[in-house]
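One-letter residues, chain by chain:
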Amino acid sequence: MSTTVPAPGGRRPRKGLALTAVCLAGGILPASLTGSSVALPGIGHQLDAGLVPLQWVVNSYNLTFGSFMLAAGSLADRVGRRRMFTAGTVLFALASLLSALVGNVYLLDALRALAGLGAAAVLTSGSALLAGLFEGPALGRAFGVLGSSFGAGLALGPSTAGLLVSAFGWRAVFLSHLAVAVLALLLVPVVPADRPERSGGRADWIGTLTFTGALFLFTLAMVEGPQLGWFGGGQVPGLVAGSLALLVAFVVAERRLKHPMFDLSLFRNPRFVAVCLMPVVLAFGFVSLLVLLPSWLVAADGLSTAAAGATMMALTAPVLLLPALAGKLAARVPAGLLLGASLVLMAAGTAWLTVVEPGVSTLALVGPLLLTGAGMGVAAGLLDAAAIGSVEPERAGMAAGMFNTMRLAGETVAIVVMGAVLVSLTAGRLSDAPAAGGALAGKLVGGDLSGALALAPGADPAALTAQLADGYTGALRLTLWLLTAICLLSTVPVVLLVRDRKSAAATATTPAPADALATDAATTDDAAAVESVSLPEAGFEAAPQPVGAK
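Residues numbered from 1 in each chain as written. Predicted model: local features only at pLDDT ≥ 70, side-chain atom pairs only at ≥ 80, totals over all residues. Heavy atoms only, no water.

Asker: Is there a simple way to think about the overall build of the protein in this case?
Answerer: Scanning the protein from N- to C-terminus turns up 21 helices and two strands. Out of the 550 residues in the protein, the part that is buried amounts to 60%. (Helix = DSSP H or I, 4+ residues; strand = E, 2+ residues; numbered from the N terminus. Buried < 20%, exposed > 50% of the residue type's maximum accessible area, 1.4 Å probe, protein only.)

Asker: Even after reading the chapter, I still don't get the packing of aromatic side chains, so can you show me in this structure?
Answerer: Two aromatic rings, taken as a pair, are described by how far apart their centres are and by the angle between their planes. Under the defined criterion, the tally for this structure stands at three aromatic pairs. When the ring of Y61 is compared with that of F65, the centres are 5.6 Å apart and the planes differ by 65°; the resulting orientation is edge-to-face. Separated by four residues within a single helix, Y61 and F65 lie in helix α2 (residues 51-67), roughly one turn from each other. The same class applies to Y61 and to F65, which are both buried. Between F211 and F250 the ring centres are 5.2 Å apart and the planes differ by 55°, which places this aromatic pair in the tilted class. Placement of the pair is F211 in helix α8 (residues 205-228) and F250 in helix α9 (residues 235-256), with a sequence separation of 39 residues. One exposure class covers both F211 and F250, and it is buried. Positioned above the aromatic ring of Y61, the side-chain terminus of R112 is 4.4 Å from the ring centre. (Phe/Tyr/Trp six-rings, centres within 6.5 Å; stacked < 30°, edge-to-face > 60°. Lys NZ or Arg CZ within 6 Å of the ring centre and 35° of its normal.)

Asker: What is the right way to look at the packing of helix α4 (residues 81-101) against helix α7 (residues 171-187) in this model?
Answerer: Helix packing for two helices is described by the angle between their axes and how far apart those axes are. The geometry of α4 relative to α7 is characterised by a closest axis approach of 8 Å and an angle of 155° between their N-to-C directions. Taken together, α4 and α7 sit at an angle that is classed as roughly antiparallel. At the point where α4 passes α7, the crossing takes the left-handed sense. For the pair formed by α4 and α7, the contact residues are T86, T89, V90, F92, A93, S96, L97, S99, A100 and L101 on the first element and R171, F174, L175, H177, L178, A181, A184 and L185 on the second. Across the contact of α4 with α7, the residue classes tally to 12 nonpolar, five polar and one charged. (Axes fitted to C-alpha atoms, helices over the stretch in contact; angles between N-to-C directions. Parallel < 35°, antiparallel > 145°, perpendicular 65-115°, else oblique. Left-handed = near helix turned anticlockwise from the far one by under 90°. Contact = heavy atoms within 4.5 Å. Nonpolar A, V, L, I, M, F, W, Y, C, P; charged D, E, K, R; others polar.)

Asker: Explain a nonpolar patch on the surface here, please?
Answerer: On the surface, a cluster of nonpolar side chains totalling about 440 Å² of accessible area is made up of L94, L97, L98, L101 and L175. The greatest single-element share of the nonpolar patch, amounting to four residues, is contributed by α4. Checked against the element boundaries, L98 lands in helix α4. (Patch = residues over 30% accessible without salt bridge, like charges linked within 9 Å, V, L, I, M, F, W, Y side chains within 5 Å. Areas by Shrake-Rupley, 256 points an atom, 1.4 Å probe, with all protein chains shown as cover. Salt bridge = Lys/Arg side-chain N within 4 Å of Asp/Glu carboxyl O.)

Asker: Would you take a moment to explain the packing of helix α3 (residues 69-79) against helix α5 (residues 105-133) for this structure?
Answerer: Contact pair α3 / α5: the axes reach a minimum separation of 8 Å and the direction vectors enclose 50°. What the angle tells us is that α3 and α5 run oblique. Viewed along their axes, α3 and α5 form a crossing whose handedness is right-handed. Contacts between α3 and α5 involve M69, A72, G73 and A76 on the former and, on the latter, A120, A121, L123, T124 and S125. In terms of residue class, the contact of α3 with α5 is made up of six nonpolar, three polar and no charged.

Asker: What is the right way to look at the confidence of the model for the protein in this model?
Answerer: Predicted coordinates in areas of low pLDDT are best not read in detail. On average, residues of the protein score 77 in pLDDT, and 78% of them reach the 70 mark or higher. Here residues 5-11 is a poorly scored stretch, pLDDT under 50, and it has six contacts once near neighbours within four places are set aside; other chains count. Overall, residues 388-397 carries pLDDT values under 50, and its contacts beyond four positions in sequence, including any with other chains, amount to 36 contacts. (pLDDT = per-residue confidence, 0-100.)

Asker: Would you explain the environment of L321 in this entry?
Answerer: Structurally, L321 can be placed in helix α11 (residues 305-321). A relative accessible area of 62% means that L321 is categorised as exposed. Taking the C-alpha atoms as reference points, L321 and G377, separated by 56 residues in sequence, lie 7.3 Å from one another.

Asker: Is there a simple way to explain unusual backbone geometry in this structure?
Answerer: Although it is not a glycine, D48 adopts a positive phi angle of roughly 50°. Along the polypeptide, D48 turns up in the loop between α1 (11-46) and α2. Assessed through its relative accessible area of 62%, D48 is described here as exposed.

Asker: Can you help me understand α2 in this one?
Answerer: Helical geometry note: an α-helix holds 3.6 residues per turn, so side chains three or four residues apart project in the same direction. Its 17 residues place the ends of α2 23 Å apart at the C-alpha level, agreeing with the 24 Å of an ideal helix rising 1.5 Å per residue. Approximately 40° is the largest bend angle found in α2, and it occurs at V57. Within α2, 17 of the 17 residues are buried, which leaves the element mostly enclosed by the surrounding structure. (Expected span 1.5 Å × (residues − 1). Bend = angle between axes of the 7 residues up to and from the residue.)

Asker: How should the nonpolar core be read in this particular structure?
Answerer: Looking at soluble globular proteins, one finds that nonpolar side chains tend to be buried together. Counting 140 residues, the largest nonpolar core has L29, I43, F65, W170, F286 and W296 as its most contacted members. When residues in this core are grouped by element, the largest group, 17 residues, is from helix α10 (residues 270-299). For W170, the contacting residues outside a window of four places in its chain are A39, G42, I43, Q46, L47, S99, V102, L108 and V165. (Core = buried A, V, L, I, M, F, W, Y, C linked by side-chain atoms within 4.5 Å.)

Asker: Help me understand the side chain of R112 in this model?
Answerer: Among the structural elements, R112 can be located in helix α5. The charged side chain of R112 is buried without a salt bridge, its nearest counter-charge being D109 at 7.3 Å. Excluding residues that lie within four positions of it along the chain, R112 makes contacts with S32, L33, S36, V57, S60, Y61, T64, S99 and F174. (Lys, Arg positive; Asp, Glu negative; His and termini not counted.)

Asker: Explain the environment of N62 here, please?
Answerer: The topology assignment puts N62 in helix α2. Sequence spacing of N62 and L117 is 55 residues, and the spatial spacing of their C-alpha atoms is 9.1 Å.

Listed below in structure tokens is the structure:
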């Protein structure tokens, strides 16, 4: 681990400033995902970007964010958490600055990948830094504050980005990320220094490269599938086969290493399997909507970017408000039942959201969006407790990366898969349009209605607009029903896996690092990684103020 070096005098204020720095830098990470999603229509129009490079503005950030989480956590333990936090924040700030200045979408994709790399370093080192600064009840409170900052970033990202895009253009979104990162950097000098204790061993580059390569090839296959054809030419099946081969190589490499960056033995624990399943399902039911819905609101429903961002607040606000309530309920209701209820809420919300149609009132969307967000908010208040375990302190950075990797990889896959499904369904419904259905679908799902209309210059604009909106909306409805099915089908397995209380008690009381549970995304999960917490018979003990997705 990295041990905090006490500073003479003023330790409490310095701890508070350290918490502020971590919360500032950490809170902007989910906003960078949701904010860039709202900015996609403006980016696509100004940079004349097709759907595939436009999707990579979001995908490249999430891809490197999730892929390098484990490596960043292990490296933070070796080189020092404050040093890693500073480097990650600098990289994120620099990438955000250049993203605001770039004039080419492919260069923007590369810069967003660098921003994701910086985000991985910030998240793992920042949370591990807090774990070394606070202890006991103060540790729970510190991660509670960090959780609130993540919830705020998630909830406010779409609306803030919508206002910025409407007032100043899409570049202002990345400049806002830069401004927050700079504020965090200004506080770094007063953060107590730490020294690495885990200096032995080498970084697991084989594991990093194989895991990142597997995730990259799979993501590329899903993004390119609607354009190349899923089976025509063999490119997409080849990419999937390459992804599977690298994944096998990753497993083999991790099993042979004495100190792997990812402890595969964690998957022997059924409770950990359930904890890993939950964020993947939540990514399909919630996170994919964060990316896909704003474009429909702009291209098919005719809303401005600012209005679309404001509408998305109904989806994200429950994630900020409900986790604390869910944590209190967990003291009385078994966590498995609550997690199952969260999936049912999300399924009900996505099913209700099929009321979408061109010109639908915002009021008609508020109910289903709130219900879907409530499902995410309840789950966010429980996942930390479901992941509680104990690991030795020197592996706190690795523990901070384990669960976040599963969560972010799930989000990347969910966004890409559901985007590909929506494009394919939209193209099928526009096959008789006066232009190529695939090209039209790509422009629409990217939120660029004017670009779609430009593909058929001889057509009547009003008639074509109505046709495109109807086709896009029908495809979105089918996609929402698919999301509903995913949430419902996952409910029973999650409930059954989490209800194993005997296993929970054994895990909480037996200090077995090889079977210790990893911790949940970005907040109290990291606190749980350095403290052993017992789980009551009625369910899991509530984690303080947990964080939502991103």
